[in-house]
Amino acid sequence: MTVAMQMQTVIIGWQIYELTNDPLSLGLIGLAEAIPTISISLYAGHLADKISRKKIMMNCLAAYLLCACALLFMSTQYVRMDVLKGDMSLVVTAMYGIIFISGIAQGFAGPAFGAFRAQLVPRELYGNASAWSSASWQTGAVLGPAIGGLLFGFKGAIPTYSTIVALLLIGSLAVVFIAPKPIPQMKEGETIWERLTGGVRFVFKNQELVGALTLDLFAVLFGGAVALLPVFAKDILHVGAEGLGMLRAAPSVGAVTMALFLAFRPPLDNAGRNLLWAVGGFGVCMIVFGLSKNFYLSLAVLALSGALDSVSVVIRQTITQMLTPVDMMGRVSSVNTIFVGSSNEIGAFESGVAAKLLGTVPSVVFGGIMTLVVVGVVAASAPKIRNLHLSKLH
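A few points on the structure. The model shown is predicted, which means the values in this text are computed figures rather than measured ones.

**Quick word on the overall build of the chain**
Then step 1. Tallying secondary structure elements over the chain gives 16 helices and zero strands in all.
Then step 2. Every one of the 394 residues in the chain was classed for burial, and the buried ones make up 57%.
Then step 3. Residue pairs in contact within the chain that sit at least 24 positions apart in sequence constitute 88% of those at least 6 positions apart.
Then step 4. When the accessible surface of the chain is summed, it comes to about 16,200 Å², and 69% of that surface belongs to carbon and sulfur atoms.

**What about unusual backbone geometry?**
Then step 1. Unusually for a residue other than glycine, His238 sits at a positive phi of about 55 degrees.
Then step 2. Position of His238 among the secondary structure elements: in the loop between α10 (229–236) and α11 (240–264).
Then step 3. Look at His238 and you get exposed, because its relative accessible area is 58%.

**Observations concerning the packing of aromatic side chains**
Then step 1. Under the criterion given, the structure shown has three aromatic pairs.
Then step 2. Ring centres 4.7 Å apart and planes at 45 degrees place the aromatic pair Phe232 and Phe289 in the tilted group. In this pair, Phe232 sits in helix α10 while Phe289 sits in helix α12 (residues 271–291), placing the two residues 57 residues apart along the sequence. In terms of burial, Phe232 and Phe289 fall into one category: buried.

**What to know about α10**
Then step 1. Of all eight residues in α10, six are buried, a share of seventy percent or more.
Then step 2. For α10, the set of buried residues is Leu229, Pro230, Val231, Phe232, Ala233 and Ile236.
Then step 3. Buried-residue contacts for α10 involve α1 (2–20), α2 (23–48), α11, α12, α13 (295–323) and α15 (360–381).
Then step 4. Just downstream of α10, His238 is the residue with a positive phi angle, here 55 degrees.

**Description of the nonpolar core**
Then step 1. Of all hydrophobic cores here, the largest spans 96 residues; its most connected members are Ile16, Tyr161, Leu168 and Leu247.
Then step 2. Broken down by element, this core gets its largest block of residues, 11 residues, from helix α3 (residues 53–74).
Then step 3. Those residues in contact with Leu247, other than ones at most four positions away along the chain, are Leu229, Ala233, Leu237, Val239, Phe295, Ser298, Leu299 and Leu302.
Then step 4. Among the nonpolar cores identified, the runner-up in size contains five residues, and Ala118, Tyr126, Met322 and Met329 belong to it.

**A word on the packing of α1 against helix α6 (residues 126–155)**
Then step 1. Here α1 crosses α6 at 40 degrees, and the two axes come no closer than 7 Å. Taken together, α1 and α6 sit at an angle that is classed as oblique. With respect to the hand of their crossing, α1 and α6 are arranged in right-handed fashion. Two secondary-structure elements touch here, α1 through Thr2, Val3, Gln6, Met7, Val10, Ile11, Trp14 and Gln15 and α6 through Trp137, Gly140, Ala141, Leu143, Gly144, Pro145, Ile147, Gly148, Gly149, Leu151 and Phe152.
Then step 2. Residue composition of the contact of α1 with α6, by class: 12 nonpolar, seven polar and no charged.

**Here we look at the state of the cysteines**
Then step 1. In total, this model carries zero disulfides according to the counting rule given.
Then step 2. Its sulfur unpaired, Cys69 is 9.3 Å from the next cysteine sulfur, which belongs to Cys67.

**Details of the environment of Arg273**
Then step 1. Summarising the element assignment, Arg273 is placed in helix α12.
Then step 2. On the accessibility criterion, Arg273 (42% relative accessible area) is partly exposed.
Then step 3. With sequence-adjacent residues up to four places away left out, Arg273 is seen in contact with Ile385 and Arg386.

Rules used throughout
Residues numbered from 1 in each chain as written. Predicted model: local features only at pLDDT ≥ 70, side-chain atom pairs only at ≥ 80, totals over all residues. Heavy atoms only, no water. Helix = DSSP H or I, 4+ residues; strand = E, 2+ residues; numbered from the N terminus. Buried < 20%, exposed > 50% of the residue type's maximum accessible area, 1.4 Å probe, protein only. Contact = heavy atoms within 4.5 Å. Areas by Shrake-Rupley, 256 points an atom, 1.4 Å probe, with all protein chains shown as cover. Phe/Tyr/Trp six-rings, centres within 6.5 Å; stacked < 30°, edge-to-face > 60°. Core = buried A, V, L, I, M, F, W, Y, C linked by side-chain atoms within 4.5 Å. Axes fitted to C-alpha atoms, helices over the stretch in contact; angles between N-to-C directions. Parallel < 35°, antiparallel > 145°, perpendicular 65-115°, else oblique. Left-handed = near helix turned anticlockwise from the far one by under 90°. Nonpolar A, V, L, I, M, F, W, Y, C, P; charged D, E, K, R; others polar. Disulfide = S-S within 2.5 Å.

Fair warning: the whole summary comes from geometry, so function is off the table for now.
Have a look at this one:
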């Protein structure tokens, strides 16, 4: 599934930028996905604690599959030339509509996947399992952009989207064979409003959870240079769609390498300090990437940023799973989706707007600087994060 979704993200970004030649259009991709995701996340978390999480996952995969089929249809010459008479603005608008529907699916998928994952392994293995989960996802994120960029560059949109559809079918079949898990027992006497907001209240009562989510939120929000990679590939580094695939895959190469290391040595001791250093290092990488004019240096710092982000992801997932009761996991995962999952899309919008106003390079450098400012603020205001040792939570 991850390979397919990463391929789709790369290709639709390239297509829309090719049709509009406007960096703001790349930011609007993120906004079109983030608005529905945030809007329904709290209800999705409530649902994930009430009905079968596996059933929700299967419905979300079906929605992703329909969106991929729609993009395949939109990419045919018949739609582009015969029906729309060459009016590419209608094609772009339709693509944004498909992305919006995908955002609805993501809003339901985030809480369900996060809550279901916590039921698959015992508590004492959460740190190790988070590292393997991250490595698995990042492996798909490495293959997806590389395959998508190369396949699109050499064969075009139709074979690429056809491959995406086939991979989503395989991913859906794999989920079918995962054994369903019991639905958590609901607390008696809670109103629907209390259930909807329970995850938010739980998170904000825990300084460790708030601090970890805040760091990830603003790091992705201000460090969202990935959304502008089509601009760097086409106009700054001049490496085309094939180079775009490599740039998009570079962070995941670093992330996979680090996640595999963390699977054998989970960062449970001094976890809070490691989290702060990792997010700060991520901000520095964004500054260097923004200033780089060399393709290979850009690849290297993107890979390093992915490695540092992997440390952050593993620590945040472990904190969430260790501190959250099983009957609230869906609702807390929905807050995580709002803070972190949708921040990728909001960060893409912020990057597009900043690139429009400041220019592409200054916007990325500004984002890296703001990431460092957020790290300083969290380190100063959240002592429980600074002193967090996950090994003591077993």
